[in-house]
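Summary of the model geometry
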Amino acid sequence: MQHHILVKFTEGTDTEALLEPVRALFARTLAIPGIRGIRLKTNCVKRPNRFDLMIVLDMEPEALPAYDASEPHRQWKEEYGPIIEKKAIFDCEE
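Described in the following lines is the structure provided in the data block. Computed from a prediction, not measured in an experiment: that's the story for all the values here.

Within the element layout of this structure, Gln 75 appears in helix α3 (residues 71-80). In this structure the side chain of Gln 75 is engaged in a polar contact, spanning 2.6 Å, whose partner is the side chain of Arg 28. When sequence neighbours within four positions are dropped, the list of residues in contact with Gln 75 reads Leu 25, Arg 28 and Tyr 80.

The next point concerns α3. An α-helix turns once every 3.6 residues. As a result, residues three or four positions apart point the same way. Those residues of α3 that fall on the buried side of the exposure criterion are Pro 72, His 73, Gln 75, Trp 76 and Tyr 80. Taken end-on, α3 shows its buried residues confined to a sector of 160°, consistent with a single buried face. One side-chain oxygen of the residue at the start of α3 lies 3.2 Å from the amide nitrogen of His 73, identifying that residue as Ser 70.

As a further point, take the environment of Glu 78. Here Glu 78 is to be found in helix α3. Judged by its relative accessible area of 54%, Glu 78 is exposed. Considered as a pair, Glu 78 and Leu 53 are 25 residues apart in the sequence and their alpha carbons are 18 Å apart. Of note is the side chain of Glu 78, whose polar atom sits 2.5 Å from the side chain of Arg 74.

Cut-offs and rules
Residues numbered from 1 in each chain as written. Predicted model: local features only at pLDDT ≥ 70, side-chain atom pairs only at ≥ 80, totals over all residues. Heavy atoms only, no water. Helix = DSSP H or I, 4+ residues; strand = E, 2+ residues; numbered from the N terminus. Polar contact = N/O pair within 3.5 Å; in protein donor to acceptor, adjacent residues only side chain to side chain. Contact = heavy atoms within 4.5 Å. Buried < 20%, exposed > 50% of the residue type's maximum accessible area, 1.4 Å probe, protein only. Arc of directions from axis to C-beta.

Right under this line is the structure:
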């Protein structure tokens, strides 16, 4: 399964500066059994109606509860939640 997290940060956030810290944070999810990979993609079109970042976790569906309960997920919400204007979650089969 592909677990997509689409994020629009608050106006004025330096999204480029966040890329590597966010990548490092999500790299820690690879220790969770059933998570096989992560990808981060930044939006190449800067417009107000676009999201800034897409995080994709390649995982077994059974890994989702462990991911939700994980320390990296908690840290993501705690550290980055205040600078997220909106987000969307989308899960799909490969």
